[in-house]
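Geometric and topological summary
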Amino acid sequence: MTLSALLFDVDGTLADTEETHRQAFNAAFLEFRLPYEWSPDQYEVLLNISGGKERLARFFEGLPVSREERDRLLANVSGLHRVKTERYAELVAGGGSPLRPGVARLIGEALAAGIRVGIASTTTSANVAALLDAELGRNAHKRFAVIACGDVVPAKKPAPDIYHLALSTLGLGPENAVAFEDSANGLAAAKAAGLFTVVTPTRWTALQDFGEADLTLPHLGDPAMPLDAISSGRAGGPFLTLEALARLHARAAARAA
């Protein structure tokens, strides 16, 4: 099948943004004068919950506080998340979340070859635009054929809804696209949508199960940061090129036929 689109998750996949998100959540707690601060270990567990608002709600629901206090906290979720998003954008604009190795290169190769590039993420569109514009140049987000994210689908990852939306918007079937993810929830969503999936874990997701991935790499690789020998064997070279990806995608399609 012809490879016509690359669909990227954002947080952890395009950039290792999770530490930036953690700092932004903690900044929002401070602004709301709440006595909470998420540690890296605590946030790693919370990342099993897709969506920032959902993460906040689950955290508040598990606190040993009175029903009245819990209700007050839950009523503030939207406001907290709005402030958190603002602080995240500020941190990203300051260069706090550089793209992972190979991401900008592969996106550039795809666009030059006429392959459409899109986003399929549970984060907000504001977060996506902030990251893309900070790392790829002003209005870079406009070069993406679809940005499917946030609360525009009934169910977030691991449900496949966001990928179904992205594919529908592009007018493509799953056999014509490749998904890039970094987490087990993202992988489950992409595979449930029928997509060939490349997983590049981060320190936040390294211990998760990626057995269903079509290709797992530590990152996509670049000439200045090549893949290790084992990963190079999987990727067909010291970094994953569009040509190599197309070959891997075609082989997988042939096996499935």
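Notes on the structure in this doc start here. The structure displayed is predicted, hence computed values, not measured ones.

Quick word on the packing of aromatic side chains
Applying the stated criterion across every chain, the model contains twelve aromatic pairs. For the pair Tyr36 and Phe59, a centre-to-centre distance of 5.5 Å together with 85 degrees between the ring planes defines the contact as edge-to-face. Here Phe59 lies in helix 3 (residues 52-61) and Tyr36 lies in the loop between helix 1 (18-31) and helix 2 (40-46), a separation of 23 residues in the sequence. Of the two residues, Tyr36 and Phe59, both sit in the buried class. With 5.8 Å between their ring centres and 85 degrees between their planes, Tyr43 and Trp204 make a pair best called edge-to-face. Here Tyr43, found in helix 2, pairs with Trp204, found in the loop between strand 5 (196-199) and strand 6 (215-216); they are 161 residues apart in sequence, far enough to count as distant. In this pair, the class of Tyr43 matches that of Trp204, namely buried. Through pairs of rings, three or more aromatic residues link up here, namely Phe25, Phe29, Tyr36, Trp38, Tyr43, Phe59, Phe60 and Trp204. Over the ring of Tyr88 we find Lys84; its NZ or CZ atom is 5.3 Å from the centre of that ring. Between Arg203 and the ring centre of Trp204, over which it is positioned, the NZ or CZ distance is 4.2 Å.

With respect to the packing of helix 3 against helix 5 (residues 77-93)
Packing of helix 3 against helix 5 brings their axes to within 10 Å, and their N-to-C directions diverge by 130 degrees. Comparing their axes, helix 5 and helix 3 come out oblique. Handedness of the crossing formed by helix 3 with helix 5: right-handed. Where helix 3 abuts helix 5, its residues Gly52, Lys53, Leu56, Ala57 and Phe60 lie against Val77, Leu80 and His81. Here the contact of helix 3 with helix 5 is built from residues that sort into five nonpolar, two polar and one charged.

Notes on helix 6 (residues 103-112)
Among all positions in helix 6, only Val103, Arg105, Leu106, Ile107 and Ala110 are buried. Where helix 6 is buried, its residues touch strand 1 (5-8), strand 2 (116-120), strand 4 (177-181) and helix 11 (242-256). Two residues or fewer past helix 6, Gly114 is found with a positive phi of approximately 80 degrees.

About the thresholds
Sequence positions are assigned chain by chain, starting from 1 and proceeding in written order. Since the coordinates come from a predicted model, pLDDT governs what is reported: local features require at least 70, and pairs of side-chain atoms require 80 or more to be given and counted, while whole-chain, interface and lining totals use all residues. Excluding hydrogens and water, the side-chain values take into account all heavy atoms of the structure. Only rings of Phe, Tyr and Trp enter the pairing, Trp through its six-membered ring, and a pair is recorded when the two centres are within 6.5 Å. The plane angle decides the type: under 30 degrees is stacked, over 60 is edge-to-face, the rest tilted. Strands here are runs of E lasting at least two residues and helices are runs of H or I lasting at least four, both read from the DSSP assignment and numbered beginning at the N terminus. Think of it in three bands: residues with accessible area under 20% of the maximum for their type are buried, residues over 50% are exposed, and the middle band is partly exposed, with areas taken using a 1.4 Å probe on protein chains only. The rule for a charge over a ring is simple: NZ of Lys or CZ of Arg within 6 Å of the ring centre, and within 35 degrees of the ring normal. Angular values range over 0 to 180 degrees, each being the angle between N-to-C directions of two axes fitted as lines to C-alpha atoms, with helices fitted over their stretch in contact. Working rule for angles: under 35 degrees goes down as roughly parallel, over 145 as roughly antiparallel, 65 to 115 as roughly perpendicular, anything else as oblique. Left-handed describes a crossing in which the near helix is turned anticlockwise from the far one by less than a right angle; the clockwise case is right-handed. Throughout, a contact is declared for two residues whenever any of their heavy atoms are within 4.5 Å. Amino acid classes used here: Ala, Val, Leu, Ile, Met, Phe, Trp, Tyr, Cys and Pro are nonpolar; Asp, Glu, Lys and Arg are charged; the rest, including Gly, are polar.

Treat this as a map of the structure, not an account of what it does.
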